[in-house]
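Structure at a glance
One-letter residues, chain by chain:
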Amino acid sequence: MEQINRIEIKGKIGNVRITDFEDGQSANLSVATNYIYKSRDGNAVIETMWFNVCAWKGRNMPEDFKLLQKGKTVHVTGRMREREFTGADGAVKKITEVIASRMEIVEDED
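The structure reproduced in this document is the subject of the present report. Every chain is numbered independently, its residues counted from 1 as its sequence is written. Thresholds applied to this predicted model are a pLDDT of at least 70 for local features of residues and 80 or more for the giving and counting of side-chain atom pairs; totals over whole chains, interfaces and linings are not thresholded and use all residues. Values shown for side chains rest on all heavy atoms present in the structure; no hydrogens or waters enter the calculation.

**Some details on the pairing of strand β5 (residues 92–106)**
Strands qualify as paired when DSSP identifies two bridges or more between them. A helix here means a DSSP run of H or I that spans at least four residues, while a strand means a run of E at least two residues long, and both kinds are numbered starting from the N terminus. Strand direction decides the pairing type here: strand β3 (residues 44–56) and β5, joined by two bridges, are parallel. Paired with Val-53 across the strands is Val-98, a residue of β5. In terms of strand pairing, strand β4 (residues 73–86) meets β5 through 14 bridges, oriented antiparallel. Each residue of the ladder has a partner; that of Arg-79, found in β5, is Ile-99. Joining the antiparallel neighbours β4 and β5 is a turn of five residues, in which Gly-90 adopts a positive phi near 90°.

Put into structure tokens, the structure is as follows:
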């Protein structure tokens, strides 16, 4: 049986952190997506979900990570990963993140 771990999101960029390494760059960014529906009383309800995204400079990524700016729309395809780390307070914490395999900046349609 084939197993699949794939996610695709399109949303607005929140915070961005770009890190330079000897062999390239990485970008960690938050991306907000909205799901809009009508409640039973007919009012529009907006559910916002934030995703942590990790990307490494290379194929299928924006030419320049400096173009990843807060408020821009981005389309990301990748896989989900959960990892643990030790926080500054010494507590072990878990984070779920998207490991990007493709990312493009999208022109806003509004």
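**Section: the pattern of salt bridges**
Whenever a carboxyl oxygen of Asp or Glu lies within 4 Å of a side-chain nitrogen of Lys or Arg, that contact is scored as a salt bridge. Counted by the stated rule, this structure contains four salt bridges. Taking the shortest distance from any N to any O, the salt bridge between Glu-82 and Lys-94 comes out at 3.9 Å. Residue Glu-82 is located in strand β4, and its partner Lys-94 is located in strand β5; the two are separated by twelve residues in the primary sequence. A 1.4 Å probe rolled over the protein chains alone gives each residue an accessible area, and that area as a share of the maximum for its type sets the label: buried under 20%, exposed over 50%, partly exposed in between. Residue Lys-94 is classed as exposed on the basis of its relative accessible area, which comes to 57%. One salt-bridge network, in which partners are shared between bridges, spans Arg-81, Arg-83 and Glu-97.

**Considering the nonpolar core**
The set of buried Ala, Val, Leu, Ile, Met, Phe, Trp, Tyr and Cys residues whose side-chain atoms join them within 4.5 Å is what this entry labels a nonpolar core. Counting residues in each nonpolar core, the largest one holds 17 residues, and the members touching the most others are Ile-9, Leu-29, Val-53, Leu-68, Val-76, Ala-100 and Met-103. Breaking this core down by element, the ones donating at least two residues are β1 (7–21), β2 (24–38), β3, β4 and β5. Residues are treated as being in contact if the distance between any of their heavy atoms lies within 4.5 Å. Not counting the four nearest positions on each side in its chain, Leu-68 is found in contact with Ile-13, Val-16, Ala-27, Leu-29, Pro-62, Met-103 and Ile-105.

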